[in-house]
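# Inside the fold
Each chain, letter by letter, is given below.
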Amino acid sequence: MQYKNLVNGEWVSSEKVIKINSPINNEEIGTIPAMTKEEADNAIKTAKIALKKWKNLAVVERAKYLYKAADILERDKDIIGNILAKEVSKGIKAAIGEVVRTADLIRYSAEEGLRTVGEIVEGGSFEAASKNKIAMVRREPMGLILAIAPFNYPVNLSASKIAPALIGGNVVLFKPPTQGAISALLLIKAFYEAGIPAGVINTVTGRGSEIGDYLIEHPMVDFVNFTGSTGVGKRIGELAGMRPILLELGGKDGAIVAEDADLEKTAKDIVSGAFSYSGQRCTAIKRVLVVEEVADKLVQLIKIEVEKLKVGNPFENADITPLIDNKSADFIETLIKDALDKGAKALTPVKREGNLLWPVLFDEVTLDMQIAWEEPFGPILPIIRVKDVEEAIEICNTSEYGLQTSVFTRDIMRAFDIAKRLEVGTVQINNKTQRGPDNFPFLGIKGSGVGVQGIKYSIESMTKIKSIVIDW
């Protein structure tokens, strides 16, 4: 099937197309347009024209479109979920669940937008001479938001940018991931069917290597909201210049396991956190730092849980499914080889068929191994034994990333103390690292991102303050 882009309220094709094949079996799912720079220019211009009317709508009027789109999305959850599962090799139950979660996110965005209010600031609270001055502080839209989404959650992470932007009065130029674009375009179809005014959402498909830089540097783009790799995020920061950005980047999320942790629960949480969607998540647990005195027991418990994982077809709800492409599998293989060459012990079989990798659990991982530091984005988990929690904190804080860390201990006051000292955006106490729920703040520091997401925080990030001062 030939899918099209939504530009100024119409579905349009391009002269060139990109074939989208399933990572599961290489089946062709459809084609998407490979837009030219001139076509992208047209989409941007029509968005700017639409901005004036859209931002002047009352928030309650904008909210109606979001509510309607959410209902349509939920109605079509099975259709979209099936395409999503094929397109990014995600378990069918999880794929449908992503669509439902996205509908909830859009509704909550509308509700949060209705709750977003300004404030009155009294000058007299600072100095007597300004007692007759008041400032009316309002939030206004940034303008044209360039939203760039990743392959791993092509519906949810697209909507997490689009819905808060729209309710804040912005218009959106949406660049979906190439692999994942069909699912993302079906999300946009829900907004289209909801009657969103022409030009308020325009889509631009094509390879990021060909049009990505052009879109980011475009002088008519007012804000860039991106989820993807740290390398690309750094380049966006350079290209964006003085314009505001919101970046959700990579992570090397650790799980610190103290000697007093509930090891049975910890093992289950670690395996769920590490291997869900084959580890292709920025918030996946990517290394375990366990105190030596309980390491042997924890390793055996984790091994038992890993051996329960089902490997295979997403439509059979396998836990470990084919990776997004062979390039990803090749990279993980280099990490595996490096670890084995340097003395790591593989506790599960190292096996690959095409882009399908069986889950690998490594023990006795040392800090000279690449897998101790690099983000694999796949089903591989290293265990690093430490003498105490202090050493674990030091290793975590040495990372170039700062997304999340899990802390497992029965001592809640100790957990809070560890959390305070960790250089990350979020600390999960006695649970796996994870993104949601979507109303929580989600952020990374260092190489893991810029700015704060989460529905309320995304609205705030994509709106700007205007202060109107009255002297009466």
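Just above sits the structure.
Residues numbered from 1 in each chain as written. Predicted model: local features only at pLDDT ≥ 70, side-chain atom pairs only at ≥ 80, totals over all residues. Heavy atoms only, no water.

Inspection of every chain in the model, using the stated rule, returns 4 aromatic pairs. Ring geometry for Trp-54 against Tyr-65: centres 5.7 Å apart, planes inclined by 50°, an arrangement best described as tilted. On the criterion of sequence distance, the pair formed by Trp-54 in helix α1 (residues 37-56) and Tyr-65 in helix α2 (residues 59-75) is long-range, its members being 11 residues apart. Take Trp-54: its relative accessible area is 1%, and that puts it in the buried class. Both rings, one in Tyr-153 and one in Tyr-277, keep their centres 6.4 Å apart while their planes meet at 65°; by these two values the pair is edge-to-face. Of this pair, Tyr-153 sits in the loop between β7 (144-148) and α5 (156-167) while Tyr-277 sits in the loop between α9 (263-275) and β13 (287-291), and the two are 124 residues apart along the sequence. Positioned above the aromatic ring of Tyr-153, the side-chain terminus of Lys-90 is 3.6 Å from the ring centre. Taking the ring centre of Trp-358 as reference, the NZ or CZ of Lys-351 above it sits at 4.3 Å. (Phe/Tyr/Trp six-rings, centres within 6.5 Å; stacked < 30°, edge-to-face > 60°. Helix = DSSP H or I, 4+ residues; strand = E, 2+ residues; numbered from the N terminus. Buried < 20%, exposed > 50% of the residue type's maximum accessible area, 1.4 Å probe, protein only. Lys NZ or Arg CZ within 6 Å of the ring centre and 35° of its normal.)

Turning our attention to the sheet that holds strand β14 (residues 345-346). With mixed pairing, 7 strands are arranged side by side in an open sheet as β14-β17-β18-β13-β12-β20-β21. Two strands bound the open sheet, and with one partner strand each, they are β14 and β21 (426-429). For strand β12 (residues 254-257) and β13, the ladder comprises 4 bridges, and the chain directions are parallel. When the sheet's bridge partners are listed, Ile-256 is paired in β13 with Leu-289. The strands touched by helix α12 (residues 389-398) within the sheet are β12, β13, β18 (380-386) and β20 (404-408), with β13 carrying the most contacts at an inclination of about 160°. (Pairing = 2+ DSSP bridges. Contact = heavy atoms within 4.5 Å. Axes fitted to C-alpha atoms, helices over the stretch in contact; angles between N-to-C directions.)

With that settled, the discussion passes to the environment of Ala-267. Note on placement: Ala-267 falls in helix α9. Of the residues examined, Ala-267 reaches a relative accessible area of 1% and is grouped as buried. Sequence separation of Ala-267 and Leu-301 is 34 residues, and the distance between their C-alpha atoms is 5.9 Å. Filtering out sequence-adjacent residues up to four positions away, Ala-267 remains in contact with Leu-298, Leu-301, Ile-302 and Glu-305.

Under the defined criterion, the tally for this structure stands at 33 salt bridges. For Lys-265, the salt bridge goes to Asp-269, with nearest N and O atoms at 2.4 Å. Taken together, the residues span about one helical turn, with Lys-265 and Asp-269 both in helix α9 at a distance of 4 residues. According to the relative accessible area criterion, Lys-265 is partly exposed, its value standing at 37%. Of the residues examined, Asp-269 reaches a relative accessible area of 13% and is grouped as buried. A salt bridge links Arg-385 to Asp-363, with the nearest nitrogen and oxygen atoms 2.9 Å apart. Of the two residues, Arg-385 sits in strand β18 while Asp-363 sits in strand β17 (residues 360-363), which places them 22 residues apart along the sequence. (Salt bridge = Lys/Arg side-chain N within 4 Å of Asp/Glu carboxyl O.)

With that settled, the discussion passes to the packing of helix α3 (residues 77-88) against helix α6 (residues 181-193). Contact geometry of α3 with α6 gives a least axis separation of 8 Å together with a crossing angle of 160°. It follows that α3 is roughly antiparallel to α6 by the angle criterion. As for the relative orientation of α3 and α6, their crossing is left-handed in sense. Where α3 approaches α6, its residues Ile-80, Ile-83, Leu-84 and Glu-87 are matched on the opposing element by Ala-181, Ile-182, Ser-183 and Leu-186. Looking at the contact of α3 with α6 residue by residue, the class counts come to 6 nonpolar, 1 polar and 1 charged. (Parallel < 35°, antiparallel > 145°, perpendicular 65-115°, else oblique. Left-handed = near helix turned anticlockwise from the far one by under 90°. Nonpolar A, V, L, I, M, F, W, Y, C, P; charged D, E, K, R; others polar.)

Once that is clear, we can look at empty space enclosed by the protein. Enumeration according to the criterion identifies 4 cavities of 30 Å³ or more in this entry. Size it by volume and the largest cavity reaches roughly 80 Å³. Surrounding the largest cavity, Leu-105, Ser-160, Pro-164, Arg-435, Pro-437, Asp-438, Phe-440, Phe-442, Gly-454, Ile-455 and Ser-458 form its lining. At the level of elements, α5 and α14 (455-461) are the ones that each hand at least two residues to the lining of the largest cavity. Of the residues assigned to the lining of the largest cavity, the class counts are 6 nonpolar, 3 polar and 2 charged. (1 Å grid on protein atoms, 1.4 Å probe; cavity = no way out; pocket = protein on both sides within 12 Å on 5 of 7 lines; lining within 4 Å. Points joined across faces, edges and corners; volume = space filled by probe spheres on them.)

Remember that side chains alternate between the two faces of the sheet whenever the strand is regular. Residues Thr-426 and Gln-428 line the buried face of β21, whereas the alternating positions Val-427 and Ile-429 sit on a face that is not buried. By the bridge criterion, 4 bridges tie β20 to β21 in an arrangement that is parallel. Paired with Val-407 across the strands is Ile-429, a residue of β21. In this fold, β20 hands off to helix α13 (residues 412-421), which returns the chain to β21; that crossover is right-handed. (Right-handed = clockwise from strand over helix to strand, strands pointing away.)

By themselves these figures say nothing about function.
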